[in-house]
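# Structural overview for review
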Amino acid sequence: MGKLSFQVKICILSCWALLLMCSVASREYFHQDQTLPWDNARNHCQVCFKDLVTLTPDNIQAIAKDLTSDYWIGLRKSFSNSTGNSTSNSSMHWTHWANKDPLTFQNWYPGWPKIARVYGCRCSCIYSKMTTSHMTSAPSTMTTRTPYSEVTTSYDTSAPSTMTSEAPYSEMTTSDDPSAPFAITLEAPYSEMTTSYDTSAPSTMTSETPRSEMTTSDKTSAPPPMSTQTSEEATCNSDIIPLVLNIDEDNDEDSCVAMLSFGAWVVRNCSEPLRFICYEDPFIGKVNVTDLTSTSVSFTWLEAPGDISHYRVEIQGDKNLTANATDMMHVFENLTEGTPYVIKVFPVKCGRDLNPQQRHIHTLPNKIKSIDVVKVTETSVFLNWSKPDGNVEFYQVEYLDKHLNISTAPTNITNLIPGSRYTFKVYSGIDKDNPKLSKATDRATYTKPGKVTNLKVSDSTKHSMLLQWDPPEGVYTGFWVMAVNHTKEPLLTDKKEINVTGLPTCTEITLSVVALANDTVEGDKVTVVSYTEPEPISNLKLKAGFDSIHASWEYPSGNCSFFNVTLCLYGQNQHVGNVTQQYTNFDTLKSAAEYTVTVSSISGHISSSPVSKTVFTLPRPPTNPNVTNLNATHVNFTWTAPNNTATAKYRVIVNSSFWGQNWTVSVKDETSIILGPLKSGTKYDFEVRTSAESLSEPASEIHYTVADFREITLSMMCSSKESLLCDRNGTKKHVFEELTQHFHSVLGDNINWTLARMTGNSGTIET
């Protein structure tokens, strides 16, 4: 391994010093009031602490301010005689502390220790300020003070190098001038040395007691002799080496160091009983929780160094529990759910508690007992539960991939899918920043399936109807179909339509469709009201008057809502109405009119097949019949039409009983007719009736046609035996009367005739 440069050595020394400062900064120091010899004191410190104290510039003031007398510290002349430690090189004294830390700091009382000789050089740099010059033409100087040193260093291979050391304080300054010569100056409390190195000149070392000055010249052309101006001679190498003092006080190898009450050091006989100072590096352990429940905690911890008699374990919170343990594990039970606690584990050494290992915990909150589903809608579930025993700061509700934190129950979970199955897990929780959750309590439920839409009924018959709908949004597994006034159980289907059969005729049917989830969870029902087709009426009867019709009928079965009745006149609706009874009357009608009455059974909006029947209202007779002769064989027959008659249809009858004439003529839309040919001079019976389904009463007129007279002479022969009997007036009159009676019996009044008798010679006629 090659030589390290001076700058590297300085850097290593500085880093080592800083590391040492950090390592000792956290140490704890314990002043022991009992008095023991140095070895016994050290043994006590090693058993109950770490070791006797090691002093540094950083801790000496804090330690010394509490001193009331002399105290052993962890430094002695030689550890070869110590039972606790030893060194392999007994020729070098005062080199390290009891814990083997190097001796980098000294704080002797003036005159102590008593120096017998100097065996070499030693410098101590705790904190240094260094300035370097690399001038080849100028001398270089390094000054070091211990423990705070000032070192001035220059490098010049052609010039002498000087080192001066002064203790206890030194400052190091280094110049970067390469032309300057190299020199080091160390100032020690009891010696001053100046050393110069010159490769072309002898090297000298001067040491004075109590202060020595050493000068060394380093040149390659001459060997480096050393001269020391003390009672002892020593030789140093050309390289700078640490100053090591071998102190010999009355040649007593059993010399130990005690610190006076104001902090200075003196040498005492190691067997002298004194108070002493121990130190200990704080033990930083770790508590590991192996099992944590709502009411208990199991934990382990790291083993503390040294002779630990046992461990005192504590838990602090709403309950404070304490126990002793030796196997580095423990369980605390009967804790409060969801409560913060602090676990502390104190290693007990020599009856003293060391720094505790500790851990902050929260017991898990207690699990809630059960979840109640209070209300379910298509898109939400309302949950409730009771607060469990112990402390709970919040609840966490989990479903699907969602996590909701809520402060109290109940809660309404929204934005769900209709008809879907959800498993809700609810945890009791504490410490939202670092959540601690209980075991889960879960509850599975379905949201209500949605409602069907566009529910409608078609194809209604007397005993069935077709029900159709659109499925709901979300998830569904089937549908319940229920019909009120239906004797069968609800119908289950997974289709979007169903033909409901077995229904009563002419009945109001309430139909409901409910969507199902998991075939058990029902959604809100959607309802439609419809009717089965009614039976048609039967036995429709119509009874007509001159201006009215009475209609009646029968209904065989069912419970119809009403009947629809329509009255038509020659195909035109004259009346439309609904009646609940099984009859109706129509008034103020036209006479002699043909009316059609249609009756349908109505069930809701469903109509039965219609039943119709036609009837004429009774005709009223014409009025004002009149016959006027046109000539001997033709007459004009007129009349006046009856009031409020729908149509003008008449039947005209002409009759002559004498001639045996009788005929009928139909007249429409007329109130007159010319009749002929007739017999002249004949009595005719003229009759006119209003014609409908029946005939009205007649309007009659008797009329004689114009007579076309002809004379017929009758002569009578008398055949009486009695002479001149026929010439008698009485006989003639009697014969004439009989003859008149005869013609009356034969002709009657059916024709126009007269019977006249001529009397005397004058031709007088008697009728």
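Treat the numbers as computed from the prediction; the structure is a model and nothing was measured.

With that out of the way, let us pick up the environment of L466. Tracing the backbone shows L466 in strand β35 (residues 464-470). Taking the relative accessible area as the measure of exposure, L466 reaches 17% and is therefore buried. Taking C-alpha positions, L466 is 4.4 Å from N499, a pair spaced 33 residues apart along the chain. Excluding residues that lie within four positions of it along the chain, L466 makes contacts with K456, V457, S458, D459, I498 and N499.

Using the criterion set out here, one finds 3 disulfides in the structure. One disulfide bridge connects C48 with C350, the sulfur atoms lying 1.9 Å from each other. The chirality of the disulfide connecting C48 with C350 is left-handed, given an S-S dihedral of about -85°. With C48 in helix α2 (residues 38-48) and C350 in the loop between β23 (340-349) and β24 (352-353), this pair connects stretches of sequence that are 302 residues apart. One disulfide bridge connects C256 with C270, the sulfur atoms lying 1.7 Å from each other. Looking along the S-S bond of the C256-C270 disulfide, the torsion reads about 100°, which is the right-handed sense. Taken together, the residues C256 in strand β15 (residues 255-259) and C270 in the loop between β16 (265-269) and β17 (274-280) connect sequence positions 14 residues apart. Across this residue pair, the class does not change: C256 and C270 are buried.

Turning our eyes to something else, we now look at the nonpolar core. Counting 21 residues, the largest nonpolar core has I549, W553, F586, V597 and V599 as the members making the most contacts within it. Taken together, the elements giving at least two residues each to this core come down to β42 (538-544), β43 (549-554), β44 (562-569) and β47 (594-603). The element that contributes the greatest number of residues to this core is β44, accounting for 4 residues. Beyond its immediate chain neighbours, meaning those up to four positions away, F586 contacts D547, S548, I549, A551, V565, L567, H575 and V597.

Before going further, it helps to spend a moment on the confidence of the model for the protein chain. Residues at a pLDDT of 70 or more form 73% of the protein chain, whose mean pLDDT is 77. When the criterion is pLDDT under 50, residues 118-251 qualifies, and its contacts beyond four places in sequence or with other chains add up to 448 contacts.

Scanning all chains against the criterion turns up 23 aromatic pairs. On the basis of an interplanar angle of 75° and a centroid distance of 6.2 Å, the ring pair of Y399 and Y422 is categorised as edge-to-face. Placement of Y399 in strand β28 (residues 394-399) and of Y422 in strand β31 (residues 421-430) is noted, with a sequence separation of 23 residues between them. Y399 sits in the buried class, given a relative accessible area of 7%. Connected via pairs of aromatic rings, a cluster forms that spans W94, W97, F105, W108 and W265. For R312, the ring lying beneath its charged end belongs to F346, and the centroid distance is 4.4 Å. One residue, K679, lies across the ring of W659, its end atom 5.2 Å from the ring centre.

Calculation criteria
- Residues numbered from 1 in each chain as written.
- Predicted model: local features only at pLDDT ≥ 70, side-chain atom pairs only at ≥ 80, totals over all residues.
- Heavy atoms only, no water.
- Helix = DSSP H or I, 4+ residues; strand = E, 2+ residues; numbered from the N terminus.
- Buried < 20%, exposed > 50% of the residue type's maximum accessible area, 1.4 Å probe, protein only.
- Contact = heavy atoms within 4.5 Å.
- Disulfide = S-S within 2.5 Å.
- Core = buried A, V, L, I, M, F, W, Y, C linked by side-chain atoms within 4.5 Å.
- pLDDT = per-residue confidence, 0-100.
- Phe/Tyr/Trp six-rings, centres within 6.5 Å; stacked < 30°, edge-to-face > 60°.
- Lys NZ or Arg CZ within 6 Å of the ring centre and 35° of its normal.

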